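# Chain and residue survey
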Amino acid sequence: MNLDDQLELPSYLHHTPEVEERLAAVKSRRVVLSIRNLRREYETANGSLVALSGISHAVHTRELTCVIGPSGCGKSTLIRILAGLERPTSGAVLVDGEPVRGPGADRGMVFQNYTLFPWLTVKRNVMFGLKMKGVQPVRAEASARKWLEMVGLTQFADSYPAELSGGMKQRVAIARALANQPRILLMDEPFGALDAQTRCSMQAHLLRIWENVDVTIVFITHDLEEAIYLADRIVVLGANPGRILEVIDVPLARPRHPAQFLSGHFLATKKRLETLIYSSETSETSNGSKIPGEAA
Ligand SMILES: Nc1ncnc2c1ncn2[C@@H]1O[C@H](COP(=O)(O)OP(=O)(O)OP(=O)(O)O)[C@@H](O)[C@H]1O
Ligand SMILES: [Mg+2]
């Protein structure tokens, strides 16, 4: 018998009144991002590959949503479609009721791979988008300083990216995205390349920033604990085709604290995620990874 079986865990569906109230408040806010019946097919040498199918979901203002699922289930495809970097085969994405037709200032993006301009200082990296928008240099610089203070990097304003650690580079990337004041911050495994300790401190850092900034976050990860620690709700994707298996209301109070990693509600949620993702991976091997000629 393993330790899990010996632990008396609560149901991941059980919410304390405090959590219930908070989740109800989140869901009562306006829908900022509406994802409607998305489908994405790729033509490959082996036929048509259905990366995403029937993806529908509504994200509320200032909600923090994590999207989780096995490798290849379409997480990056989904976030690229939300960012407007890629078009769906069918379906639609709406931000504040307006269809997404391409990238826009209402959505900021942070990727896993460091994407800072190496030839610009930290401050100039953060100012970049503002200058592109025609913001006057003095105002852009003041704004960059404000955002660098928010991510705790004031002292590094004049450093170059090569002089920073991975965690610091991602803090600059977050500051750069937020400086443009997006409605939605889209993050694709932003802490995936960091060591475990830095990753933990970045998670806490992100939560602190999010508490102080009026922004809605969609955060892709394959780390179950990261998803539970950060999210209001977790969208669990299965593979082949990428589809929503379940949307989990995270049964943890806010503010979040690392001590919650050991709580019964945390462990019960982790167990549920493991069950969903493990069974999805098992069905992937039995079905094969491609669905040639599947009807649209
Ligand atoms: N441009 C493309 N052309 C053909 N197939 C693609 C393309 N982009 C993605 N795919 C396929 O779509 C599926 C989903 O890929 P995607 O990168 O979205 O997965 P993911 O969930 O982000 O994976 P990971 O966790 O490894 O980052 C995969 O089978 C991938 O091979
Ligand atoms: Mg990916």
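See the structure above.
One structure accompanies this document, and this report is about it. All values reported here derive from a predicted model rather than from experimental measurement.

Another aspect to go through is the overall build of the protein chain. Of regular secondary structure, the protein chain possesses 9 helices and 10 strands. The C-alpha radius of gyration computed for the protein chain amounts to 20 Å, which stays within 12% of the reference 19 Å derived for 296 residues, consistent with globular compactness. For the protein chain, the spread of C-alpha atoms along the three principal axes comes to 60 × 45 × 35 Å. Taking the contacts inside the protein chain whose residues are at least 6 apart along the sequence as the reference set, 73% of them involve residues at least 24 apart.

Here the focus is the site of ligand 1. Y42, S71, K75, S76 and T77 are the nearest of the 13 residues found near ligand 1. Those elements giving two or more residues to the shell around ligand 1 turn out to be β1 (31–44), β2 (47–60) and α3 (75–83). In terms of residue class, the shell around ligand 1 is made up of 4 nonpolar, 8 polar and 1 charged.

It is worth spelling out the sheet that holds β2 at this point. Strand order across the open sheet formed by 4 strands is β2-β1-β4-β5, with antiparallel pairing between neighbours. Either end of the sheet is taken by a strand with one partner, and the two such strands are β2 and β5 (98–99). Direction of pairing for strand β4 (residues 90–95) relative to β5: antiparallel, over a ladder of 2 bridges. Within β5, the position partnered with L94 by the bridge is P99. Docked against the sheet, α3 engages β1, β2 and β4, running at close to 60 degrees with respect to β2.

Working note: a packed helix pair is described by the angle between its axes plus the distance between those axes. It is at 9 Å that the axes of helix α5 (residues 137–150) and helix α6 (residues 166–179) come closest, and there the two elements cross at 135 degrees. Comparing the axis directions of α5 and α6 gives the class oblique. By crossing handedness, the relation of α5 to α6 is classed as right-handed. Where α5 abuts α6, its residues S143, A144, W147, L148 and M150 lie against A175, L178 and A179. Here the contact of α5 with α6 is built from residues that sort into 7 nonpolar, 1 polar and no charged.

Turning to helix α2 (residues 17–28), a few remarks are in order. If you check α2, its first and last C-alpha atoms are 16 Å apart, about what 12 residues at 1.5 Å a residue would give, namely 16 Å. Judged by how many residues are buried, α2 sits mostly at the surface: 0 of 12 residues are covered.

Take the nonpolar core next. Grouped together as the largest cluster of nonpolar side chains are 74 residues, with contacts concentrated most on I68, V126, A175, L186, V218, I234 and V236. Residue contributions to this core peak at 7 residues, all from α6.

What follows deals with unusual backbone geometry. The amide bond that connects N240 to the next residue, P241, takes the cis arrangement and shows omega of -5 degrees. Checked against the element boundaries, P241 lands in the loop between β9 (233–238) and β10 (243–249). With an omega dihedral of 0 degrees, the bond running from R254 to P255 counts as a cis peptide bond. Along the polypeptide, P255 turns up in the loop between β10 and α9 (264–287). For D96, which is not glycine, the phi torsion reads 50 degrees and is therefore positive. Among the secondary structure elements, D96 is positioned in the loop between β4 and β5. Overall, D96 belongs to the partly exposed group, with 13 C-beta atoms counted inside 10 Å.

As paired strands, β1 and β2 are joined by 10 bridges and run antiparallel to one another. Bridge pairing links L33 to V59 in β2. The hairpin formed by β1 and β2 contains 2 residues between the paired strands. As defined by bridge partners, β1 adjoins β4 across 5 bridges and the pair is classed as antiparallel. Each residue of the ladder has a partner; that of R39, found in β4, is S90.

Basis of the calculations
- Residues numbered from 1 in each chain as written.
- Chains lettered and ligands numbered in written order.
- Predicted model: local features only at pLDDT ≥ 70, side-chain atom pairs only at ≥ 80, totals over all residues.
- Helix = DSSP H or I, 4+ residues; strand = E, 2+ residues; numbered from the N terminus.
- Rg over C-alpha atoms; globule rule 2.2 N^0.38 Å.
- Contact = placed C-beta atoms within 7 Å.
- Near = placed C-beta within 6 Å.
- Nonpolar A, V, L, I, M, F, W, Y, C, P; charged D, E, K, R; others polar.
- Pairing = 2+ DSSP bridges.
- Axes fitted to C-alpha atoms, helices over the stretch in contact; angles between N-to-C directions.
- Parallel < 35°, antiparallel > 145°, perpendicular 65-115°, else oblique.
- Left-handed = near helix turned anticlockwise from the far one by under 90°.
- Expected span 1.5 Å × (residues − 1).
- Buried ≥ 20, exposed ≤ 12 C-beta atoms within 10 Å, placed from the backbone.
- Core = buried A, V, L, I, M, F, W, Y, C linked by C-beta atoms within 7 Å.

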